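# Fold and contact review
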Amino acid sequence: MGARPRRRRATAAAATAAAAPGPLGALLAAALLAAAAAQQSVTVANPVSGASLDLLPHFQLEPEDVYIVKNKAVSLACRATPATQIYFKCNGEWVHQGDHVTQHSTDRGTGLPVMEVRIEVTRQQVEKIFGLEEYWCQCVAWSSSGTTKSQKAFVRIAYLRKNFEQEPTAKEVSIEQGIVLPCRPPEGIPPAEVEWLRNEELVDPALDANVYVTPEHSLVLRQARLADTANYTCVAKNIVARRRSASAAITVYVDGAWSEWSKWSVCGAECTHWRSRECSEPAPRNGGQECHGPELDTRNCTSELCSHATPGAEDVALYVGLVAVAVCLVLLLLVGVLVYCRKKGGLDADVADSSILTAGFQPVSIKPSKADNPSLLTIQPDLSTATMTYQGSLCPRQDGPAKLQLPNGHLLSPLGAGRHTLHHSSPAAEGADFVARLSTQSYFRSLPRGTTNMAYGTFNFLGGRLMIPNTGISLLIPPDAIPRGKIYEVYLTLHKQEEVRLPLAGCQTLLSPIVSCGPPGVLLTRPAILAMGHCVEASAENWSIRLKKQSCEGTWEDVLQLGAEPCTELYYCQLEAQACYIFTEQLGRFALVGESLSMAASKRLKLVLFAPAACPSLEYNIRVYCLSDTQDVLKEVIQLEKQLGGQLIGAPRVLHFKDSYHNLRLSIHDMPSSLWKSKLLASYQEIPFYHIWSGLQPFLHCTFTLERLSPSTCELACKIWVWQVEGDGQSFTVNFNIAKDTRFSDWLVPDSEVGAPALVGPSAFKIPFLIRQKIISSLDPPGTRGADWRMLAQKLNLDSHLSFFASKPSPTTMILNLWEARHFPNGNLSQLAAAVAEVGKQDGAFFTVSEAEC
């Protein structure tokens, strides 16, 4: 009786199996009928086992969701008991029998048969239905009692896109202010996990209660601290890839605040006392604002603290006597001066300077001469005008033809035979000469900051020059730029970038040092020329370069766009390969800023290697600096390394760093492993792109720490590679003795080998004043066949600036001023003389003077 139900169930199962598609159904039906017959024969012998086969299959292992990474196939598995057959069905279709891998076993606890089946799914299978529906698979298990289906397992192709939907941005915040750095990771399957790095170290909110990460992956700093000043990077990762966002520089600054006033000082002799305070509670940090208001407070003392003695009659008599003596002395001095002037009336003021004795111009012997000397050459300057244009002409006092033709040779060749003086015929001229002599003295002040980055001097209408040694920064004040009768104290300062907050937006980058000249607001009648270096590989199609000037309110404004029509005549810029020359009629704080227009835009980096001059331990550090290619930054690094006891171990190299968003990598190779070993764990070090491109971090460097295996090892040989990913690269071959090699010490300019920071009057110029005036008066008027200032500009390769020169009252003056700024102190006057002579050949009347002009 018991066998009949089982037979009916087997028959029903066989019928169900027969309904399965194709040959698979027939095979299943035959297998089930054979199983039913076997069960019938076993029923009598083992009734317990027969009862267990009445159970439906139970899954011990079901397929789970999986991801395909790249082109690697995935495996799905299921296991069931009791089961006679297990097959996979994917997206409603049976998987071919040959694609199944089957394994049979027996459950030791129940003695029931166990079957496990596996299949593989490839990326191509999933992509066939991609976009229609998700790819899924499930197991179907059979037993004599029926079938059971497993859960569905979804198969997805994993990916992680490259671009972040939102990246963190740089911020400057005040201390204790809250900071939120947003980050929306790239789209991906499975969704990316997000973590944050601070200066390449993992940020763990569990270790810092001031930090937490929102469900939207934003990093929140509850209260900004000075220690939070760092570069923050959002990192997204899943099983496919790991992506890094652009680093965001967070600067936490502290605005300065005054301390309490000190106690009032003791009442002084002038019935005043004072008190002071300091900007130290807190002191400004990281570019924070300085304290506003006076540092010193002075007041009159009370009447009780200060008493005055009433002068008596004796004191009045004493004062009257002293005044009388002083008046007598002044009168005697005036008489002596008048007598001296009468005796020396024929002598003339010597205004020639030793700089006139230079190549390309004939030397002039300046000696006193009597007024009645027939060979005397006199030049009558018009000291009543606002400029120093000489109305007279250079010619000897002698009878001759109406005009005298000067040869087209050296400019002073007609003057070489005689003695020449400058004769002043009026007291006003003598007073002006006295001021000129007095102005050749230069005065300097001791400033609170180090004077290595500052020059200072006193100037009048004769002009002069300020220079910051070893930086390529100078300020030329041309003659007559300062109005006559006025004396200005002028300064030139190179700022450290951490002291000045220059905001940059988008792809903007700092291309030059930040330089101040002043005082601001002084009146200049002609443009001064500020010279400084830059690090841009300029091209109109790759760069938009702007000159920025800081206003009185502290904001930075664009005052000039290079290559475009100037919006004002106050500023102009001549950009050359490594330096720029800024014409400005208003002194102030300037910087050159560029914005890249394509990924081909590049900046020049100076790569410099330093190492300790002495190595008492086994460790030896090589520092590789990646600097903006300007002289001022190199000077600062050299001074820093001198303090650290470092020495240069290789000639500096130049690398062109492109706006390609790729980082800079540094690695060390080919060290003898028997003598040295590197402590670098990774194969290379990396400097983020934005740290270099902004230009606001001047002393970027990486350190390679090496270890000698023996204290006696002194020879070091290796190669250091520095390259931008998918860009330019440089290789240094290091081979020197760390104990005594000083081959590259010549690169380090000693502090003593610097020129005078301020030059006043004629000593500041290469072109002698008289020759300069002659060139200006000859070339400013339009000449025949174009023999005027335009041709001179063409000869000096300055013809691209003709429109600027033409906008000035004296174009030749602008050309000569620019020549002075570009070629001091090593300019070749012979080349300038040759260019002027070439212009003179085009016009037969050039340098012609008449008898009447003398």
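Described in the following lines is the structure provided in the data block. (Residues numbered from 1 in each chain as written. Predicted model: local features only at pLDDT ≥ 70, side-chain atom pairs only at ≥ 80, totals over all residues. Heavy atoms only, no water.)

## Overview of the overall build of the chain
Applied cut-off: Elements are defined by DSSP. Helices are runs of H or I of four residues or more, strands are runs of E of two residues or more, and each kind is numbered from the N terminus. Relative accessible area decides the class of each residue, using a 1.4 Å probe on protein chains only: under 20% of the type maximum gives buried, over 50% gives exposed, and in between gives partly exposed. Here, Shrake-Rupley sampling with a 1.4 Å probe gives the accessible areas, and only protein chains in the shown set may cover a residue.
Of regular secondary structure, the chain possesses 13 helices and 48 strands. Across the 854 residues in the chain, those meeting the buried criterion constitute 44%. Total accessible area on the chain stands at roughly 44,700 Å², and carbon and sulfur atoms take up 55% of it.

## Topic: the packing of aromatic side chains
Defined as follows: Working definition: a ring pair exists when centres of Phe, Tyr or Trp rings (six-membered ring for Trp) sit within 6.5 Å. Plane angles under 30 degrees give stacked, over 60 give edge-to-face, the rest tilted. Think of it as a cone above the ring: NZ of Lys or CZ of Arg counts as a charge over the ring if it is within 6 Å of the ring centre and within 35 degrees of the ring normal.
The full count for this structure, using the stated rule, is 17 aromatic pairs. Note on Phe689 and Trp693: the rings are 5.6 Å apart at their centroids and 15 degrees apart in plane angle, and the pair reads as stacked. With Phe689 and Trp693 both in helix H8 (residues 689–693), this residue pair falls four residues apart, about one helical turn. Residue Trp693 is classed as buried on the basis of its relative accessible area of 3%. By the ring-pair criterion, three or more aromatic residues cluster together here, those being Trp543, Phe657, Tyr661, Phe689, Tyr690 and Trp693. For the cation-ring pair, Lys152 lies above Trp136, with the distance from its terminal atom to the ring centre recorded as 4.0 Å. When the ring centre of Trp258 is taken as origin, the NZ or CZ atom of Arg277, which lies over that ring, is 4.2 Å away.

## Notes on the sheet that holds strand S31 (residues 528–533)
Let me state the cut-off plainly: We call two strands paired when DSSP finds no fewer than two bridges between them. Lines fitted to the C-alpha atoms define the axes, with helices restricted to the stretch that makes contact. Angles between their N-to-C directions range from 0 to 180 degrees. Should any heavy atoms of two residues lie within 4.5 Å, those residues are considered in contact.
Within the open sheet, the six strands sit side by side as S34-S35-S31-S27-S26-S47. Their pairing is antiparallel. Strands at the two margins of the open sheet, each flanked by one partner only, are strand S34 (571–575) and strand S47 (758–760). Neighbour-to-neighbour, the strand axes of the sheet open up by a mean angle of 15 degrees, direction not taken into account. Alignment of S31 against strand S35 (residues 579–584), held across six bridges, turns out to be antiparallel. By the bridge assignment, Ala531 is partnered in S35 with Tyr581. Against the sheet, helix H12 (residues 811–823) makes contact with strand S26 (464–468), strand S27 (473–477), S31, S34 and S35, and its axis sits at roughly 140 degrees relative to S35, the strand it touches most.

## Comments concerning the nonpolar core
Taken as a class, soluble globular proteins show a tendency for nonpolar side chains to be buried jointly. Stated precisely, the cut-off is as follows: Among buried residues, the Ala, Val, Leu, Ile, Met, Phe, Trp, Tyr and Cys ones that are joined through side-chain atoms within 4.5 Å form a nonpolar core.
Within the largest apolar cluster, 70 residues are counted, with the highest numbers of intra-cluster contacts made by Leu475, Leu492, Tyr620, Leu664, Leu716, Ile720 and Val722. Counting residues in each nonpolar core, the second largest holds 37 residues, with Tyr572, Ala787, Leu816 and Ala821 among its members.

## A word on the environment of Cys626
If you trace the backbone, Cys626 turns up in strand S38 (residues 619–628). Once the C-alpha coordinates of Cys626 and Leu655 are considered, the two residues, 29 residues apart in sequence, prove to be 9.0 Å apart. When neighbours within four sequence positions are excluded, Cys626 is seen to be in contact with Lys606, Leu607, Leu664, Leu666, Ile687, Pro698 and Leu700.

## Some remarks on H12
The line we're drawing: To estimate the expected span of a helix, count its residues, drop one, and scale the result by 1.5 Å.
Here H12 is 13 residues long and its end C-alpha atoms lie 19 Å apart, about the 18 Å a rise of 1.5 Å per residue gives. Among the 13 residues in H12, eleven count as buried, and that is most of the element. Looking only at H12, the buried set comprises Pro811, Thr812, Thr813, Met814, Ile815, Leu816, Asn817, Leu818, Trp819, Glu820 and Ala821.

## Focus on the packing of helix H9 (residues 769–779) against H12
When two helices pack together, their arrangement is given by the angle between their axes and by how far apart the axes lie. How we decide: Any angle that is under 35 degrees is reported as roughly parallel, and any over 145 degrees as roughly antiparallel; angles of 65 to 115 degrees are reported as roughly perpendicular and all others as oblique. What makes a crossing left-handed is the near helix being turned counterclockwise from the far one by less than a right angle; a clockwise turn instead makes it right-handed. Here the term charged refers only to Asp, Glu, Lys and Arg, the term nonpolar to Ala, Val, Leu, Ile, Met, Phe, Trp, Tyr, Cys and Pro, and the term polar to all other amino acids, Gly among them.
Put simply, H9 and H12 touch, their axes get as near as 8 Å, and they point 140 degrees apart. One element, H9, and the other, H12, form an angle in the oblique class. With respect to the hand of their crossing, H9 and H12 are arranged in right-handed fashion. Between H9 and H12, the contacting residues are Arg772, Ile775, Ile776 and Leu779 on the first element and Thr812, Thr813, Leu816 and Asn817 on the second. Partitioning the contact of H9 with H12 into residue classes produces four nonpolar, three polar and one charged.

## A short note on the state of the cysteines
The criterion, for reference: The disulfide criterion used throughout: a pair of cysteine sulfur atoms within 2.5 Å.
Scanning the model with the defined rule gives four disulfides in all. Here Cys78 connects covalently by a disulfide to Cys139, the sulfurs 2.0 Å from one another. Measuring the twist about the S-S bond at about -100 degrees, one finds the Cys78-Cys139 disulfide to be left-handed. Taken together, the residues span a long stretch of sequence, with Cys78 in strand S3 (residues 74–81) and Cys139 in strand S8 (residues 135–143) at a distance of 61 residues. Accessibility classification places Cys78 together with Cys139 in one group, the buried group. Covalent S-S linkage joins Cys90 and Cys137, the inter-sulfur distance amounting to 2.0 Å. The sign of the S-S torsion, about 110 degrees, decides the handedness of the disulfide formed by Cys90 and Cys137: right-handed. Here Cys90, found in strand S4 (residues 85–90), pairs with Cys137, found in strand S8; they are 47 residues apart in sequence, far enough to count as distant. Residues Cys90 and Cys137 agree in their burial class; the two are buried. Here Cys573 stays free of any disulfide, with the sulfur of Cys580 as its closest cysteine sulfur at 4.6 Å.

## Topic: the sheet that holds S3
Read across the open sheet, the four strands follow the order S1-S3-S7-S6; overall the sheet is antiparallel. If you trace the sheet from one side to the other, it starts and ends with strand S1 (58–61) and strand S6 (101–106), each paired once. Sheet twist, expressed as the mean angle between neighbouring strand axes with direction ignored, is 25 degrees. Relative to strand S7 (residues 113–121), S3 runs antiparallel, the two sharing seven bridges. Across the sheet, residue Ala80 finds its bridge partner in S7, namely Met115.

## A word on the side chain of His801
The topology assignment puts His801 in the loop between helix H10 (789–795) and helix H11 (802–806). For His801, the contacting residues outside a window of four places in its chain are Tyr572 and Gln574.

## Concerning the pattern of salt bridges
A pair can form between side chains of opposite charge whenever their charged atoms are brought close. The line we're drawing: Salt bridge criterion: a side-chain nitrogen from Lys or Arg within 4 Å of a carboxyl oxygen from Asp or Glu.
Counted under the stated rule, the structure contains 29 salt bridges. For Glu116, the salt bridge goes to Arg79, with nearest N and O atoms at 3.2 Å. Separated by 37 residues along the polypeptide, Glu116 in strand S7 and Arg79 in strand S3 bring together distant segments of the chain. Under the relative-accessibility criterion, Arg79 is labelled partly exposed at 25%. For Asp228, the salt bridge goes to Arg225, with nearest N and O atoms at 3.0 Å.

## Observations concerning helix H7 (residues 631–644)
Here H7 contains 14 residues, and its C-alpha end-to-end distance of 20 Å stays within 8% of the 20 Å for a straight helix at 1.5 Å per residue. For H7, the complete set of buried residues consists of Asp632, Val633, Lys635, Glu636, Val637, Ile638, Gln639 and Glu641. Buried residues along H7 sit against S26, S27, strand S28 (488–495), strand S37 (602–612), S38 and strand S39 (646–648). In the stretch just after H7, Gly645 is the one whose phi turns positive, near 75 degrees.

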